[in-house]
Each structure stands twice: as C-alpha cells, then as structure tokens.
Amino acid sequence: MPERKIPITGHTEMFGLIATPIRHSMSPTLHNAAFEKLGMDKVYLVFEVGKEGLEKTVEGLRAMGVRGYNVSMPNKAAVMQYLDKISTASELCGSVNTVINDDGVLTGTITDGVGWMQSVASEGCDVIGKKITLLGAGGAATAILVQAALDGVAEISLFNRDDEFWQRAVEKTELVRSKTNCRVNLYHLEDREQLRKEISESYLLVNATSAGMKPQEDICLVDEDMLRPELIVSDVVYNPMVTKLLATAEKAGCKTIGGLSMMMYQGAESFRLWTGEEMPVDYCREKLGL
C-alpha cells in the first residue's frame, strides 16, 4: 500500500475486520485504496479477535462509535448474538460478515452472496428467473444459495458430498424453500448422472467448494463432457485465478467467471453499506496488483 496521502487526524473515521488469524487479509489494502481514491478521511484496520474476546470487542466498537466492520472466522456465527438486528440473508445463512453501526444500533448482514450476484451481473449474465447448479454446502455456497434465491433465481440444484456439510445442506435447502419462491433441489455429488442432467438444464454452473484451490489445483468436480458452449461457469476460488474447472470450461467453449470478482464485489457491498458510496472496484483491483 503506498504512503497515505490523507493524514490521520482527530476526525479520521475507523473501520476494521475482526477475526483470527487475519493479518494476511487483503481487506485493508482494498478499503484503504478506496478511501484514498475517493478522498475520504477514513482508515481500515485488522484486529486479531477470536470468540473469547468477541463480546467485549463488539461492545467496545459500539461504544467508540465505529461506523462499521467486517467479521471473519471464527466469529461469523458467534457475533450474531451480540447484534441488535440481523438481515434476512444472514438469518438464512446463519452468519454475518458485515456490521453497520447506526448511532449505537448494530445491524449484521452478509455480503458474500451479493458479491457473487454482482460479479455475475458485471459479466453481462442475468441469472434471475433461470436455473443454476451449485457445487458445495459450506459458507460460500450457502451465501450464494441464499442470495440467489432471495434475488429471484428460479431453481437451484445443489450438489454436495455425503460429508460433514451434508446435514447443513439438508437444513439450508429446506429453510430456503420455506422462505423464498426458489425451487431448491439437493443431490449427492457422487451421483454423476444426476449432476450431468442438472448441468445440462442449467444456465450457469458455480463451484463454491475449495476444489481447485491451492494446494488442490488438480481437482475439478465436473467432467469436460458435462459442459457445453452455452453454459456459463463460475468459480469462487481465486488462487489460482484460473482453476482447473475454469480451464476445462474455457476448453469447452464456455464463458467463465473467476472468484476474484466475487471477492472484490463482496468488499464493495460492505463499503457501500458503510459509506453510501460505490467502491472504485477497478482502481482497487489495480492497487491489489490483480
């Protein structure tokens, strides 16, 4: 991050991120670049906070009038009990990654699903009223499932292995069905013929698992012959930027969307909720060297 051009004064407004471990996060570079570009007298910091110190931290930030902050692991679910209001998306996901402080009233929401929806829209793809196939049932997958259903995706076919996330997937699909107008189907990822069928009927396929992420670069959950040129393929993984899934999809002639856009746009949504301004995403991407 280049030297700060706007001096820190008694009027500088603080934002931050509470999680552990978190010193590696790109969020300070992202948000501070946006503040700098827009000439805002604000600063974004990270704080190593786990569940044991979470309640005191939330009350301290409230007492200091900190306008907003992000929350990451292991605090995304635990923080909800200390907040005054929870968004519908966070209620359905069971987690919060963004807190907004309105004169002492703390509202928690989650921007991961919004970030994915915006990343898709930014590529000229309209998933509203259409069917998508979603791989995974972890945190990122749940956020995408919930936001897509809330925003008006007509049908979602969710695939997951019969692992520790399976029961979570069962519970979340039932909850989303009951709270939205979206048709949600849940299948075992091991059922390859069902996966082939659902992908063949879908407008878009999204991988929301860690498959393809370092050090699992050689893993791809679908076969090339399951893909067709008309299909749009999205991956939430952004390291590497071109996963094996995206490389396979490109070879099959599909339009592809990498995980970096989701990461940028979920941060941009937090920024908008705190400041009322749009984050200069392209400028911030440049500052991150991406």
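Placed above this text is the structure.
Read on for an overview of the structure. Worth saying up front: this structure is predicted, and the values here are computed from it rather than measured.

Regarding the overall build of the chain
Now for step 1: Secondary structure summary: the chain contains 10 helices and 12 strands in total.
Now for step 2: Here the C-alpha atoms of the chain give a radius of gyration of 19 Å, agreeing with the 19 Å that 2.2 N^0.38 yields for 290 residues.
Now for step 3: For the chain, the C-alpha atoms occupy an extent of roughly 60 × 40 × 35 Å along the three principal directions.
Now for step 4: Out of the 290 residues belonging to the chain, those deemed buried represent 54%.
Now for step 5: The long-range share in the chain, meaning contacts at least 24 apart out of those at least 6 apart in sequence, stands at 70%.
Now for step 6: Only carbon and sulfur atoms are counted for the fraction: they give 49% of the accessible area of the chain, which is about 13,100 Å².
Now for step 7: Taken as two groups, the 30 positive and 40 negative side-chain charges of the chain have centres that lie 1 Å from each other.

Focus on helix H5 (residues 139-151)
Now for step 1: A rise of 1.5 Å per residue sets the reference length of H5, with its 13 residues, at 18 Å; its end C-alpha atoms lie 18 Å apart and thus fit the reference within 8%.
Now for step 2: Those residues of H5 lying buried are Ala141, Thr142, Ala143, Ile144, Leu145, Val146, Gln147, Ala148 and Ala149.
Now for step 3: Just downstream of H5 lies Gly152, where phi reads positive at about 115°.

Some remarks on the side chain of Gln194
Now for step 1: Tracing the chain through its elements places Gln194 in helix H7 (residues 192-200).
Now for step 2: There is a polar contact of 2.7 Å between the side chain of Gln194 and the side chain of Glu198.
Now for step 3: With residues near it in sequence (within four places) discarded, Gln194 still touches Phe159 and Tyr187.

So, empty space enclosed by the protein
Now for step 1: Across all of its chains, the model carries two cavities of 30 Å³ or more by this definition.
Now for step 2: Contributing to the lining of the largest cavity are Leu135, Asn207, Ala211, Ile219, Cys220, Leu221, Val222 and Leu245.
Now for step 3: Across the lining of the largest cavity, the residue classes break down as seven nonpolar, one polar and no charged.
Now for step 4: Put simply, the second largest cavity is a space of about 30 Å³.
Now for step 5: Around the second largest cavity, the lining residues are Met14, Phe15, Gly16, Leu17, Ile18, Phe47, Leu61, Val66 and Tyr69.
Now for step 6: Among the residues forming the lining of the second largest cavity, the class breakdown is eight nonpolar, one polar and no charged.

Scoring rules and cut-offs
Starting afresh in each chain, residues are numbered from 1 along the sequence in its written order. Restriction of local features to residues with pLDDT of at least 70 applies here, the model being predicted, together with a cutoff of 80 or more for giving and counting side-chain atom pairs; totals for whole chains, interfaces and linings are based on all residues. Side-chain measures were taken over the full set of non-hydrogen atoms in the model, leaving aside hydrogen atoms and water. Think of it this way: any DSSP run of H or I at least four residues long counts as a helix, any run of E at least two long counts as a strand, and we number them from the N terminus. Here the globule rule is a power law, 2.2 Å times the number of residues to the power 0.38, and the radius of gyration is based on C-alpha atoms. Per-residue accessibility, obtained with a 1.4 Å probe over protein chains only, is compared with the maximum for each type, and a residue is labelled buried under 20%, exposed over 50%, and partly exposed between these values. Here, residues are in contact when the closest pair of their heavy atoms is within 4.5 Å. In these tables, accessible area is a Shrake-Rupley quantity obtained with a 1.4 Å probe, and a residue counts as shielded only by the protein chains included in the view. Counted as positive: Lys and Arg. Counted as negative: Asp and Glu. His and the chain ends are not counted at all. Every charge is mapped onto a representative atom, which is NZ of Lys, CZ of Arg, CG of Asp or CD of Glu. To estimate the expected span of a helix, subtract one from its residue number and multiply by 1.5 Å. Counted as a polar contact is a pair of N or O atoms within 3.5 Å, where, for protein atoms, one must be capable of donating a hydrogen and the other of accepting one, and residues adjacent in sequence contribute only when both atoms are in side chains. The method works on a 1 Å grid over the protein atoms by themselves. A cavity is a set of points holding a 1.4 Å probe that cannot get out, a pocket is an open set with protein on both sides within 12 Å along at least five of seven lines, and residues with an atom within 4 Å of a point line them. Grid points are joined across faces, edges and corners, and a volume is the space filled by probe spheres set on the points. Lys, Arg, Asp and Glu make up the charged group, whereas Ala, Val, Leu, Ile, Met, Phe, Trp, Tyr, Cys and Pro make up the nonpolar group; the residues left over, Gly among them, are polar.

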